[in-house]
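The chain contents come next:
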Amino acid sequence: MFASWICIFALATLVLAIPTRRELPQVITKCTVPNTAALTFDDGPYIYLKNVSDTLSAAGATGTFFFNGQNYDCIYTRESVDGAAYAYSKGHQIGSHTWSHGHLTTLDKTQLVSEFSRTEDALKKILGVVPAFTRCPYGEYNDLVRQVAYERGQTLVNWDFDSGDSVGKTPEESKNLYDDVANEHPSTLLALNHEVYETTVGIVLPHAIEVLQEAGYRLVSVAECLGIEPYRYQGDASPRDASWTC
Ligand SMILES: *[C@@H]1O[C@H](CO)[C@@H](O)[C@H](O)[C@H]1NC(C)=O
Ligand SMILES: [Zn+2]
């Protein structure tokens, strides 16, 4: 009798410790701290990264970069590492955009773990950080993606405003979208941009910063706009070695 109660207790503990999929954390789409706007930049590290970092810093703004391991460039090239380390050193937030920018909803668990872990490992090596935030490529996820993210301590974050730069909007159209949302003035904004387009960097970003700041928003990182820690671990970068390959 006693033994079976222990058994039931053990089973209940086990069941409670593994959240059912229904109980998995939701994918975040909105900032929660009033009057904040988080500008996010996906698909790097790429050649305009330092420019984005400087443009933000010059305006007193903090941005968030979601890096791939291998997309427009390999995260381990000297230029990628330089750019990433530069943006991180200026206080911008670094998150993961997974390794190869695949469609995560088509992958099995082993493949998903690889997509997450290779990028987290790379960020640990090149910057000394393990991010706490992951953005799914295309914003695509399912229950298995959420489960893997949960197991890896990754908060998934999408957006509530798309500048449209990756889906064919012209720079003028993207600027107009920022004008419109600044006029509508939601309490918070979580904006999707891509650091890989020269027009986003040179034309849209300066305008977005200007109209959002004029509208009274504080331009902060995703972590700050949510009041959540940006990193699971922060230490020192490692010296380059033979494992720094894509
Ligand atoms: C970023 O690049 C754009 C376009 O190439 C340029 O006009 C701008 O001056 C650059 N900004 C910084 C801070 O380097
Ligand atoms: Zn992307």
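Each value, and the rule that gives it
Residues numbered from 1 in each chain as written. Chains lettered and ligands numbered in written order. Predicted model: local features only at pLDDT ≥ 70, side-chain atom pairs only at ≥ 80, totals over all residues. Heavy atoms only, no water. Salt bridge = Lys/Arg side-chain N within 4 Å of Asp/Glu carboxyl O. Helix = DSSP H or I, 4+ residues; strand = E, 2+ residues; numbered from the N terminus. Buried < 20%, exposed > 50% of the residue type's maximum accessible area, 1.4 Å probe, protein only. Expected span 1.5 Å × (residues − 1). Bend = angle between axes of the 7 residues up to and from the residue. Contact = heavy atoms within 4.5 Å. Near = heavy atom within 4 Å. Polar contact = N/O pair within 3.5 Å; in protein donor to acceptor, adjacent residues only side chain to side chain. Areas by Shrake-Rupley, 256 points an atom, 1.4 Å probe, with all protein chains shown as cover. Nonpolar A, V, L, I, M, F, W, Y, C, P; charged D, E, K, R; others polar. Axes fitted to C-alpha atoms, helices over the stretch in contact; angles between N-to-C directions. Parallel < 35°, antiparallel > 145°, perpendicular 65-115°, else oblique. Left-handed = near helix turned anticlockwise from the far one by under 90°.

## Here we look at the pattern of salt bridges
If you walk through the whole model with that rule in mind, you get seven salt bridges. Notably, a salt bridge pairs E151 with K109, separated by 2.9 Å at the nearest N-O pair. With E151 in helix α5 (residues 143-151) and K109 in helix α4 (residues 109-127), the pair connects residues that are 42 residues apart, well separated along the chain. By relative accessible area, which is 45% here, E151 ends up partly exposed. A residue is classified by how much of its surface remains accessible, and K109, at 34% relative accessible area, is partly exposed. The salt bridge partner of E120 is R152, with a shortest N-O separation of 2.9 Å. Here R152 lies in the loop between α5 and β6 (155-156) and E120 lies in helix α4, a separation of 32 residues in the sequence. You can call E120 buried: its relative accessible area is 5%.

## Focus on helix α7 (residues 198-214)
The first and last C-alpha atoms of α7 sit 24 Å apart over 17 residues, in line with the 24 Å expected at 1.5 Å per residue. Largest kink in α7: about 40°, centred on V204, with the proline P206 one to four residues after it. When α7 is considered as a whole, its buried residues turn out to be T200, V201, V204, L205, H207, A208, I209, V211 and L212. Check the buried side of α7 and you find it contacts β1 (36-42), α2 (49-58), α6 (171-184), β8 (189-194) and β9 (218-219). Note on α7: the residue one or two positions beyond its end, G216, has a positive phi of about 100°.

## Some details on the site of ligand 1
Every residue close to ligand 1 is listed here: N51, D54, T55, E198 and G202. One of the side-chain nitrogen or oxygen atoms of N51 is found 2.2 Å away from an oxygen atom of ligand 1. E198 is positioned with one of its side-chain polar atoms (N or O) 3.4 Å from an oxygen atom of ligand 1. Compared with its free state, where it exposes 370 Å², ligand 1 has 42% of that area covered by protein. A per-element tally of the shell around ligand 1 places α2 first, with three residues. Per-class residue counts for the shell around ligand 1 are no nonpolar, three polar and two charged.

## What about the packing of α6 against α7?
Contact pair α6 / α7: the axes reach a minimum separation of 9 Å and the direction vectors enclose 15°. By the angle between their directions, the pair α6 and α7 is classed as roughly parallel. Handedness of the α6/α7 crossing: right-handed. In contact with P171, S174, K175, Y178, D179 and A182 of α6, α7 contributes T199, I203, V204, H207, A208, V211 and L212.

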